[in-house]
Amino acid sequence: MPTITLPDGSKKSFDKPVSGKDIAASIGAGLAKAALGVKIDGELRDLATVIDRDASISIVTERDRQKVLDKDGLYLIRHSAAHVMAEAIQDVIGKEVQLAYGPPTETGFFYDMYVPEGKKISSDHFAAINKRIAEIIAENRPITRYEVASNDGLSKLNAEGNKYKVDNAERALGMPSSVYKGGKPAFAPSPAPLPPSSAAPLTFYATGTPGKNWEDLCRGPHVPSTGRIGAACVLSLASAYWHGDENSDRLIRVYGTAFPTQAELDEFLKQKEEAAKRDHRVIGKHLRLFHIDEDVGQGLILWTPRGSIVRKELQNFISAELKKQGYTEVFTPHIGRLELYKTSGHFPYYKDSQFAPIVERQALEELCKSGCSCAEMMSRVDGVSARLAAGINERTKATTIAADRIMADDKLVDGFMLKPMNCPHHAKIFGSSPHSYRDMPVRLAEFGTVYRWEQSGELNGLTRVRGFTQDDAHLFCTEDQVPAEIQGCLSLVKTIFNVLGMKDYRVRVGLRDKDSNKYTGSAESWDKAEAACIAAAQSLGVTFSQEPGEAAFYGPKIDFVVKDVIGREWQLGTVQVDYQMGNRFDLSYIGPDNKAHRPVVIHRAPFGSMERFCGVLIEHFAGAFPTWLSPEQVRILPISDKTLDYGREVLAALQAVGVRATLDESNERVQAKIKVAADEKIPYMLIVGPRDAENRAVSVRARGVEKDLGAMPLAKFVADIHAEIASKSAMLGVKP
């Protein structure tokens, strides 16, 4: 009979098979009441799942011990809410609506569905759908799982006439689809496929009693009853295609979200409304900060003169901090040989997220003449020479490069790749000259542009792009220098966040999944690197979490997750410890014992990428940047042509101390000029009239209509704003 191991390591033995609900009840009535589901050996399952063997389990609830929403609990709530929303839509729009896929997402869930001719779903139906969702939740019906033999299940689905569910079932059973004949596989409607077997049962979930209430083909898992969802609503509509194939059926994707309480849902909706006002794509276009042009390509940013100022100011800021910490700036090309990235491991580990390799023209012509197929060419591009494989495997003391990737030199196809990461280039710079332990650490920094292939549907303004510039650095150090260097990296990130007024953040420590084989290097090296990261995170004095499975393939990492002014979280700065790069690139320094030693490499990027960071800042400040970051810091507004000459004197005085100022020489009335300047988020407006000119003064408005600071001597304003900019204050510093 099963012995259950709990998260704290304690064990409970039972004399018969038990469900997750039984285990929760054996621990305490409070836990039994709060339980939503159960994780069995790491797999999320229904609370009613029966366990008849020894297993490690944890009970899933709405919140963790720190009262933070639990991601597994939210997954269960939102997966179940997707079913409730689908039922509500069929109740409101009609049973003729056919359901396809309904997975939970990071912020809610969606359901793809086919709306037949003669039926329509639009935002006009949202109120009725949400009303029905609330009714189903209030009914608190049990969510009941039942299994049907595969043949019977397929017969049931065919009889219902929903080809989308027939397709889902056949794929889940490992069978070829009898209804979809296109070339694209659909994304799975649940986290993991069943083993290919036509004998495996199909699972259905009923919101209530099977055969009586609404039900859906689904692997689960779900919450125990609809009442445990809390609160849910439909959010928006979008177009989709079956299997993502534009030549197949056009579907409607209905988005929704759910939270444990109505208050949390209301707060989310309020935040969403505020986020729409702060959308960096809208503000960026309005303030002329950046441009995305179809002729240039999606996901490739054109920085305008105004946006370039913001980016350059950030770059100058971080460069000054780097000089204080002893970094040396380097420059590397935007492209590199494939073998460079094979050595680092970036190719082919992440080739699906990289631009395709570039094969030299002459080699490509010869391959075409020889009749080489595309598949064969890609295999030869992916291949590795015996020399490279032997060297890396020997240095890493592991089968880092498997035998099936090794090819004869005359079969290999060489090429180039748009740079996906800066680290291989920095490794080559370090390795280009000898180093002593007295030289260490060597800190190389670069604002290096890299390129990643993102699907067009995943691109999003500045925050998800195909070409971006990292404020990147790599620290090559001795093993005993690692803790201090990590601390230096973390202090740099803290400095940046503090200057920008982003003081609400938490830290994630990404650790390896010990059951995965994607990681390179020895367990001993990983243990050391993970311990150093955990110790550094503990020293920060902020909330941090350890997250197995979130490490890079070459080492653990520390991510900073910042909360903006409306409560959204953004993953920004990152620090990574790497015991593998030195082995892969055969890097060394001479130690005090006069022997060669491998350096430890620390990767760090406080902003993450300039594009993403600027996108976050635009939304954080709603375009009203601190004065030091603002593209235009002061606009001078003469009341009439009579004070234009004095306005030019004011402009010259400001420009003399480096203030970015302009003079509005238009014939508009001053109130109209103020309105335009306020709309463009100019920090300060200086209104100059005859009295101001006579007194060598300026009438100051902060943020246009927000605050009238009155008249003050020109010299005082120039001194105050110069001091504010120099201090990089996040607040307006000019006082009456």
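The model shown is predicted, which means the values in this text are computed figures rather than measured ones.

**Focus: the overall build of the protein chain**
Part 1: Scanning the protein chain from terminus to terminus reveals 23 helices and 36 strands.
Part 2: Over its C-alpha atoms the protein chain spans a radius of gyration of 30 Å, differing by no more than 12% from the 27 Å that the globule rule assigns to 736 residues.
Part 3: By principal-axis analysis of the C-alpha atoms, the protein chain measures approximately 95 × 75 × 65 Å.
Part 4: Each of the 736 residues in the protein chain was classed as buried or not, and the buried ones make up 52%.
Part 5: Intrachain contacts of the protein chain at a sequence separation of at least 6 include 69% that bridge at least 24 residues.
Part 6: Element-wise, carbon and sulfur atoms account for 51% of the exposed surface of the protein chain, whose accessible area totals about 34,300 Å².
Part 7: Measuring between centres, the 93 positive side-chain charges of the protein chain sit 3 Å from its 95 negative side-chain charges.

**Quick notes on the packing of aromatic side chains**
Part 1: Enumeration according to the criterion identifies 15 aromatic pairs in this entry.
Part 2: Judged by centre distance (6.2 Å) and plane angle (40 degrees), the rings of Tyr 114 and Tyr 164 are tilted. Of this pair, Tyr 114 sits in strand S9 (residues 109–114) while Tyr 164 sits in helix H6 (residues 163–172), and the two are 50 residues apart along the sequence.
Part 3: For the ring pair Tyr 146 and Phe 204, a centre distance of 5.6 Å and an interplane angle of 15 degrees mean the geometry is stacked. Here Tyr 146, found in strand S10 (residues 143–148), pairs with Phe 204, found in strand S11 (residues 202–207); they are 58 residues apart in sequence, far enough to count as distant.
Part 4: A relative accessible area of 2% means that Phe 204 is categorised as buried.
Part 5: Put simply, the rings of Tyr 114, Tyr 164, Tyr 180 and Trp 242 touch in pairs and so form one group of aromatic residues.

**Some words on helix H5 (residues 150–160)**
Part 1: Every buried residue of H5 is listed here: Ser 150, Gly 153, Leu 154 and Leu 157. Seen end-on, H5 carries its buried residues on one side only, within an arc spanning 95 degrees. Facing away from the buried surface of H5 by more than 90 degrees, the exposed residues are Asn 151 and Ala 159.
Part 2: Buried-residue contacts for H5 involve S10, H6, S11 and strand S12 (215–217).

**Concerning the pairing of strand S22 (residues 415–418)**
Part 1: Side-chain alternation along S22 places Gly 415 and Met 417 on a buried face and Phe 416 and Leu 418 on a face that remains uncovered.
Part 2: Two strands pair when backbone bridges link them, and strand S18 (residues 335–337) and S22 are joined in this way by 3 bridges, in the antiparallel orientation. Considered in S22, the bridge of Arg 337 is made with Phe 416.
Part 3: As defined by bridge partners, strand S19 (residues 358–359) adjoins S22 across 2 bridges and the pair is classed as antiparallel. Looking at the pairing, Val 359 lines up with Gly 415 of S22.

**Some words on helix H21 (residues 670–679)**
Part 1: Looking at H21, one finds that the buried residues are Val 670, Lys 673, Ile 674 and Ala 677. Considered in projection along H21, the buried side chains sweep an arc of 100 degrees and stay on one side of the axis. Turned more than 90 degrees away from the buried face of H21 sit Gln 671 and Lys 675, all of them exposed.
Part 2: On its buried face, H21 is in contact with strand S32 (634–638), strand S34 (684–688) and strand S35 (697–702).
Part 3: Looking one or two residues past H21, Lys 681 carries a phi angle of roughly 60 degrees, positive in sign.

**Let's talk about empty space enclosed by the protein**
Part 1: On inspection of all chains with the given rule, the structure shows 3 cavities of 30 Å³ or more.
Part 2: Within this model, the largest cavity holds a volume of roughly 70 Å³.
Part 3: Class assignment for the residues of the lining of the largest cavity results in 5 nonpolar, 4 polar and 2 charged.
Part 4: In this model, the second largest cavity occupies a volume close to 50 Å³.
Part 5: Taken together, Leu 287, Leu 289, Arg 306, Gly 623, Phe 625, Ser 630, Pro 631, Glu 632, Glu 680, Lys 681 and Ile 682 make up the lining of the second largest cavity.
Part 6: Residue composition of the lining of the second largest cavity, by class: 5 nonpolar, 2 polar and 4 charged.

**Here's the deal with unusual backbone geometry**
Part 1: At the junction of Gly 220 and Pro 221, the peptide bond is cis and its omega measures out at 0 degrees in the coordinates.
Part 2: Its identity as a non-glycine residue notwithstanding, Asn 140 has a phi of 50 degrees, on the positive side.
Part 3: In this structure, Asn 140 sits in the loop between helix H4 (126–139) and S10.
Part 4: Here Asn 140 falls in the partly exposed class, since its relative accessible area comes to 41%.
Part 5: Of note in this structure, Lys 681 is not a glycine but carries a positive phi near 60 degrees.
Part 6: Topologically, Lys 681 is positioned in the loop between H21 and S34.

**Digging into the nonpolar core**
Part 1: One finds Leu 314, Phe 497, Phe 613, Val 634, Leu 654, Val 698 and Phe 717 to be the most contacted residues of the largest nonpolar core, which totals 87 residues.
Part 2: Element by element, the count of residues in this core is highest for helix H16 (residues 482–499), at 8 residues.
Part 3: Once residues within four sequence positions are removed from consideration, Phe 613 is found in contact with Leu 314, Ile 496, Phe 497, Leu 500, Met 502, Leu 572 and Phe 607.
Part 4: Membership of the second largest hydrophobic core comes to 35 residues, among which are Met 85, Val 115, Val 234 and Ala 258.

**Some thoughts on the state of the cysteines**
Part 1: Evaluated as defined, the whole model comprises 0 disulfides.
Part 2: In this model Cys 368 remains outside any disulfide bridge; the closest cysteine sulfur is found in Cys 374, 8.0 Å from its own.
Part 3: Judged by relative accessible area, Cys 368 falls into the exposed class, the value being 57%.
Part 4: Here Cys 372 stays free of any disulfide, with the sulfur of Cys 374 as its closest cysteine sulfur at 8.0 Å.

**Quick notes on the sheet that holds S12**
Part 1: If you walk across this open sheet you meet the 3 strands as S10-S11-S12, and the pairing is antiparallel. Taken across any chain shown, the strands that pair with only one partner, and hence form the sheet edges, are S10 and S12. Along the sheet, successive strands turn relative to each other by an average axial angle of 25 degrees, direction set aside.
Part 2: Sheet topology places S11 next to S12; 3 bridges connect them, and they run antiparallel. Looking at S12, one finds that Tyr 205 is bridged to Asp 216.
Part 3: Running at roughly 55 degrees to S11, H5 makes contact with S10, S11 and S12 of the sheet.

So, how was this worked out
- Residues numbered from 1 in each chain as written.
- Predicted model: local features only at pLDDT ≥ 70, side-chain atom pairs only at ≥ 80, totals over all residues.
- Heavy atoms only, no water.
- Helix = DSSP H or I, 4+ residues; strand = E, 2+ residues; numbered from the N terminus.
- Rg over C-alpha atoms; globule rule 2.2 N^0.38 Å.
- Buried < 20%, exposed > 50% of the residue type's maximum accessible area, 1.4 Å probe, protein only.
- Contact = heavy atoms within 4.5 Å.
- Areas by Shrake-Rupley, 256 points an atom, 1.4 Å probe, with all protein chains shown as cover.
- Lys, Arg positive; Asp, Glu negative; His and termini not counted.
- Charge placed at Lys NZ, Arg CZ, Asp CG, Glu CD.
- Phe/Tyr/Trp six-rings, centres within 6.5 Å; stacked < 30°, edge-to-face > 60°.
- Arc of directions from axis to C-beta.
- Pairing = 2+ DSSP bridges.
- 1 Å grid on protein atoms, 1.4 Å probe; cavity = no way out; pocket = protein on both sides within 12 Å on 5 of 7 lines; lining within 4 Å.
- Points joined across faces, edges and corners; volume = space filled by probe spheres on them.
- Nonpolar A, V, L, I, M, F, W, Y, C, P; charged D, E, K, R; others polar.
- Core = buried A, V, L, I, M, F, W, Y, C linked by side-chain atoms within 4.5 Å.
- Disulfide = S-S within 2.5 Å.
- Axes fitted to C-alpha atoms, helices over the stretch in contact; angles between N-to-C directions.

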